[in-house]
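Structure assessment
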Amino acid sequence: AIALGPTIEYVVLDTQEHGYLVVANELVESFLAETGLSAKRLDGGFPGTALEGARYRHVFLDRTSPVILGDHVTTESGTGAVHTAPGHGVEDYEVGQRYGLDVLAPLNDRGIFLEAAGPLVAGQHYGKANAVIIEELGRLGVLLGHKEFSHSYPHCWRCKHPVIFRATEQWFASIDSFRQAALDAIKDVQWIPSFGEVRISNMVADRSDWCISRQRSWGVPIPVFYCEHDNEPLITPETIEAVAKRFETEGADAWWQHEAHAFLPAGTSCPKCGGTAFRKEKDIMDVWFDSGSSWSAVLEARPELSYPADLYLEGADQYRGWFQSSLLTSIATRGKAPYRTVLTHGFTMDGQGRKMSKSLGNSVEPLEVIKQYGADVLRLYVSSVDYMSDMRVSDVILKQQSEVYRKIRNTARYLMSNLADFEPARHTVPYAELGELDRYALHRLQEIVAEVTGAFERFEFFRFYQVIQNYCVVDLSSFYLDVLKDRLYASSPSSQDRRAAQTVMYQVLSALMRLVSPVLSHLAEDIYTYLPAAQKGSEPSVFLLDWPTVNADFRDEALAKRWEQIIALREQVNKALEASRQAKVIGGSLEASVTLVPRTAEVQDLLLSLGASLAKVLIVSEAVVRVVGDRAPEGAMVEGDLMVTVAKAPGEKCERCWVYSPSVGESREHPTLCDRCVGVVSELVGTH
């Protein structure tokens, strides 16, 4: 057919050389310039609809064809009259269907023209036929002009050659009978991220019949036979079962190794003509049909597995592929979805956001990363990103992750080094006897266990990363463990204070080791391996331990709120300490004596309630609390709800605990120690 635009205006040109020509009005000037023709434009134009249904005669074939209308016709170039071959283009096919045109595709599988193409090109490859056709048009005197030009056109992603569209007979699976069942089943699946439900629902709702045949030389064959006499297809439950039994013993390659009669049951005949000679189908099954039925081949075939699957995990491109083909095959044959949860992820880019490829040489090889940083760092990186979007990876990013890993590892090492003499069965301090700070630390640990567990259950690995990193760096290293150092290093080894700290540290290490095990697997196993026998029980591996659970007895919301306020005040004091450190007033924080003037009664009561432990929480040698309304000392810094003055602490530095105290030098036996350390050392000497 020749297609015209229904709303395009056409005119008639009168040429001496070629008679009357029909051209789109907008293209007359460019057409004449390209062909070098001279022509007179006849009066009056008309829309494309005026010629709908007219017929034209082919210039070198004994054939007449219709003029039709198509929305794909434009006035960007050419004549506004477009050659339309329903057998060789999607738009051509669709418009041809509307007009009931025959689908003519006179090319075989090797790109050779068949007899239906006419004697001029029959037997020739399509690439060589162009020159022959152009020559024939010139000989007939109907060639107005020709030239080569480049334009956007589909190319094969593998061989890079232009794609030739060709209509062929295919096998289709109709989904109309179970489309609604599929849409209903989608609603019962958990989609991560949630927009996946809308995405696949729209695809299934708008899906046409499934073309399940492919023309390839490898794959699972379509088990159909054809009568040699009348080409009638043969596919029955009996023939399918016969092929399946042969495949069970020989594999799918048997299809290519035996003739048709080797598969068919004895006495098989054509239901149409009664013939007994058959040939096999050469097409293979769509590979998405193969992968889409894996739920049956894998889950139903193995007794240790169960159907439906707990989780399908793949890239975001699989809504159109594996996720959908699995859904359709399962709904059609089992009436339910093959999965309970579907999780999709983005793809890995380089540091500049470019897709990784061999040609660019920008791929990051996992084995090289493992050699340089270790497997745990690579796993930590994967957990750190929001995999639902495309993610970047580079050496710079991996170096940053190695630093985060080192902080987590060093936190675990610090905990282990201070638990060397701790036996849980003998030294654990009952919860009721723990101090406020220790009980707050246990409460915070329960929050971490809940957050990490929830993150894993929701597949939010980036939340695990954020929570664990923040816990190790902020909650532990920068606060709790920092405050504990005085107790751990300066108190008597067997004192209640030190054992209380160890009790909490043991709980923290035990939970942390298990919480990081899904991601930092080697680190978790290392920790467990090097734990003293008294601390790890009888299991040989961390992966045989139970997952940590929240201990409700350790939860105390009121206490947590109180200590969150204390920590906020501590941050305000730390700002003043840092300013004094920059001004060279003090060196380390233990050189400081701080005077705090609260600006509200609430803050005043909070500070006073800490008593002597306030200095230890602030990690200073002396802390003095004034009452609301007191005049702040000269040079006080206003930090939030506090006025803070930092000065040199009175007394000398204790050689053992580093705290500045007026009591240093009072002991004749231990002149370099404070009175607390004198007592501890005397006790230790006495025990030996």
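Up top is the structure these notes are about.
These numbers were taken from a predicted model, which means no experiment stands behind them.

1. With respect to the side chain of D376
Here D376 is to be found in helix α12 (residues 375-384). At 4.6 Å, R379 is the nearest oppositely charged side chain to D376, a buried residue that forms no salt bridge. There is a polar contact of 3.4 Å between the side chain of D376 and the backbone nitrogen of S521. Apart from residues lying up to four places away in sequence, D376 is in contact with Y405, V519, L520, S521, H522 and L523.

2. Points about the nonpolar core
Among the nonpolar cores identified, the biggest contains 90 residues, and I468, F479, Y480, W563 and L596 are the most heavily contacted of them. Excluding its chain neighbours within four sequence positions, the residues that come into contact with I468 are I408, I448, V452, L512, L515 and V516. Grouped together as the second largest cluster of nonpolar side chains are 31 residues, I186, W191, W295 and L327 included.

3. Examining the side chain of S589
Within the secondary structure layout, S589 lies in the loop between α20 (557-582) and β21 (592-598). Residue classification places S589 among the buried residues on the basis of a relative accessible area of 18%. Side-chain polar atoms of S589 contact the backbone oxygen of I619, separated by 2.7 Å. Not counting residues up to four positions away in its chain, the partners in contact with S589 are L577, R581, I619, V620 and S621.

4. Looking at unusual backbone geometry
The omega torsion of the bond from I192 to P193 falls at 0°, within 30 degrees of zero and hence cis. Phi is positive for N231, which is not a glycine, with a value near 65°. For N231, the location among the structural elements is in the loop between β13 (225-227) and β14 (233-234). Judged by relative accessible area, N231 falls into the partly exposed class, the value being 39%. Positive phi is not limited to glycine here, since F459 has a value of about 60°. Residue position: F459 is located in the loop between α15 (436-457) and α16 (461-490).

5. A short note on the pattern of salt bridges
By the definition in use, this model includes 30 salt bridges. In this structure, the salt-bridge partner of E34 is K147, at a minimum N-O distance of 3.2 Å. Of this pair, E34 sits in helix α1 (residues 28-35) while K147 is found in the loop between α3 (126-140) and β9 (172-173), placing the two residues 113 residues apart along the sequence. Assessed through its relative accessible area of 54%, K147 is described here as exposed. For D109, the salt bridge is made with R166, and the minimal N-O distance between the two is 2.9 Å. Separated by 57 residues along the polypeptide, D109 in the loop between α2 (90-98) and α3 and R166 in the loop between α3 and β9 bring together distant segments of the chain. Beyond isolated ion pairs, a larger network of salt bridges with shared partners links R444, E447, E451, R463 and D475.

Basis of the calculations
- Residues numbered from 1 in each chain as written.
- Predicted model: local features only at pLDDT ≥ 70, side-chain atom pairs only at ≥ 80, totals over all residues.
- Heavy atoms only, no water.
- Helix = DSSP H or I, 4+ residues; strand = E, 2+ residues; numbered from the N terminus.
- Buried < 20%, exposed > 50% of the residue type's maximum accessible area, 1.4 Å probe, protein only.
- Lys, Arg positive; Asp, Glu negative; His and termini not counted.
- Salt bridge = Lys/Arg side-chain N within 4 Å of Asp/Glu carboxyl O.
- Polar contact = N/O pair within 3.5 Å; in protein donor to acceptor, adjacent residues only side chain to side chain.
- Contact = heavy atoms within 4.5 Å.
- Core = buried A, V, L, I, M, F, W, Y, C linked by side-chain atoms within 4.5 Å.

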